[in-house]
Amino acid sequence: MLTVDTYRHRFTLRGMQILRRIDKPLFFGLLLLVTFGLFILYSASNENTQLVEKQAIRFIVAFVLMGLLAQIPPGIYRLWAPWFFLFAFSLVVLVLLIGVVGKGAQRWLHFGLFQFQPSELMKLAVPLVLAWYLHDKPLPPTFPHLMVLLLIFLIPTFLVMKQPDLGTALLIAISGFSVILFAGISGRLLLLGSLVVIIVAPVGWHFMHDYQKLRVLTFLNPERDPLGAGYHIIQSKIAIGAGGLLGKGWLQGTQCHLQFLPEHTTDFIFAVCGEEFGLLGGFILVTLYFWITLRGFYISLNAQDTFSRLVGGGISLSFFLSAFINIGMVSGILPVVGVPLPLISYGGTSLITLIAGFGILMSIQTHRKLIGQ
């Protein structure tokens, strides 16, 4: 006969089993980053508790999803990968047909109470399907295989660019290229690809939207239009420079609170961190990004199969490059391309997709341990 104590014992064992599949170093790195991010968001939003609470709820949902995904063996992800990619690709195509238009872009699907940005799923679907394609093939990939890989991730990249959403399209391309790098592409092919990009770049300039061309020109010379196109980056650099070594203090930033800094809860939130926490705060934030990325690399390098190694490396590298691009554009060393700061900028779909990717990383690590026992 099953007693209350029996049920309690089974529940406890099940809970311990779930916790064993959570990678502790990665989890605490993410928790520290998210906590720091909520403090920054609270100040960036001018102490808007409702907005911060909404973001915190999203994080709770995302961490629960991460825990669930960590329970699934990597082999299951390999089986699901092509179907997940087709599902995400279908939604991206659907956006171009019936997507919701907002701020001059057609990027969202409307589902009653909420809107959803399918292109975010591609940042996870692309590394999964590329790793699935390569898992039973010799590495480094041959030239024909490389052409197939490029075709797989460049088609959704161009579809997302048509929305237009240059920032997300860039991140999708980065997630695909990250897997190719971990697959061990030869130096000769890498050099050839770089030369092709240099040659094609002038042609691509003619296919860019006017606002995208303006961003490149503004990057080269922000002072050409200080009250127009150059306003964002000029105010951002003023905010970061004003922070000095230790910053002005939490909630004491003037660029954000006096409304000089645009997009201060999303793309330019790093400037808020720089002004209020100074160089030290920026260093702490970058250190957390390095910690999470290095842990991801450790997991991928110790994975027990090609699929897991490529997925883990692709997710980790694309996460780091997302942070690098945002910090670079806010600091004025890269053009503004609309890339949010991972797990810090306000948003829903992006953070849930990112943390879901870390759930897959945890699955790779903890199931490796179980196999090794």
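The shown structure was predicted, so the numbers you read here are calculated from the model rather than taken from an experiment.

## Here's the deal with the packing of helix 4 (residues 74-98) against helix 5 (residues 119-134)
One can describe the packing of helix 4 onto helix 5 by two numbers: an axis separation of 8 Å at closest approach and a directional angle of 140 degrees. The element helix 4 and its partner helix 5 pack so that their crossing is left-handed. Counting all contacts with helix 4, which are made through Y77, R78, A81, P82, F84, F85, F87, A88, F89, L91 and V92, the residues of helix 5 involved are S119, L121, M122, L124, A125, V126, L128, V129 and W132. Taken together, the residues of the contact of helix 4 with helix 5 sort by class into 18 nonpolar, one polar and one charged.

## Looking at the packing of helix 2 (residues 24-44) against helix 12 (residues 269-301)
The N-to-C vectors of helix 2 and helix 12 enclose an angle of 160 degrees; their axes lie 10 Å apart at closest approach. It follows that helix 2 is roughly antiparallel to helix 12 by the angle criterion. Considering the relative orientation of helix 2 and helix 12, their crossing is left-handed. For the contact of helix 2 with helix 12, the per-class residue count stands at 20 nonpolar, three polar and two charged.

## Comments concerning helix 5
Spanning 16 residues, helix 5 covers 23 Å between terminal C-alpha atoms, matching the ideal 22 Å at 1.5 Å per step. Largest kink in helix 5: about 30 degrees, centred on A125, with the proline P127 one to four residues after it. The element helix 5 is extensively covered by neighbouring structure, given that 15 of its 16 residues are classed as buried.

Definitions and limits used
Residues numbered from 1 in each chain as written. Predicted model: local features only at pLDDT ≥ 70, side-chain atom pairs only at ≥ 80, totals over all residues. Heavy atoms only, no water. Axes fitted to C-alpha atoms, helices over the stretch in contact; angles between N-to-C directions. Helix = DSSP H or I, 4+ residues; strand = E, 2+ residues; numbered from the N terminus. Left-handed = near helix turned anticlockwise from the far one by under 90°. Contact = heavy atoms within 4.5 Å. Nonpolar A, V, L, I, M, F, W, Y, C, P; charged D, E, K, R; others polar. Parallel < 35°, antiparallel > 145°, perpendicular 65-115°, else oblique. Expected span 1.5 Å × (residues − 1). Bend = angle between axes of the 7 residues up to and from the residue. Buried < 20%, exposed > 50% of the residue type's maximum accessible area, 1.4 Å probe, protein only.

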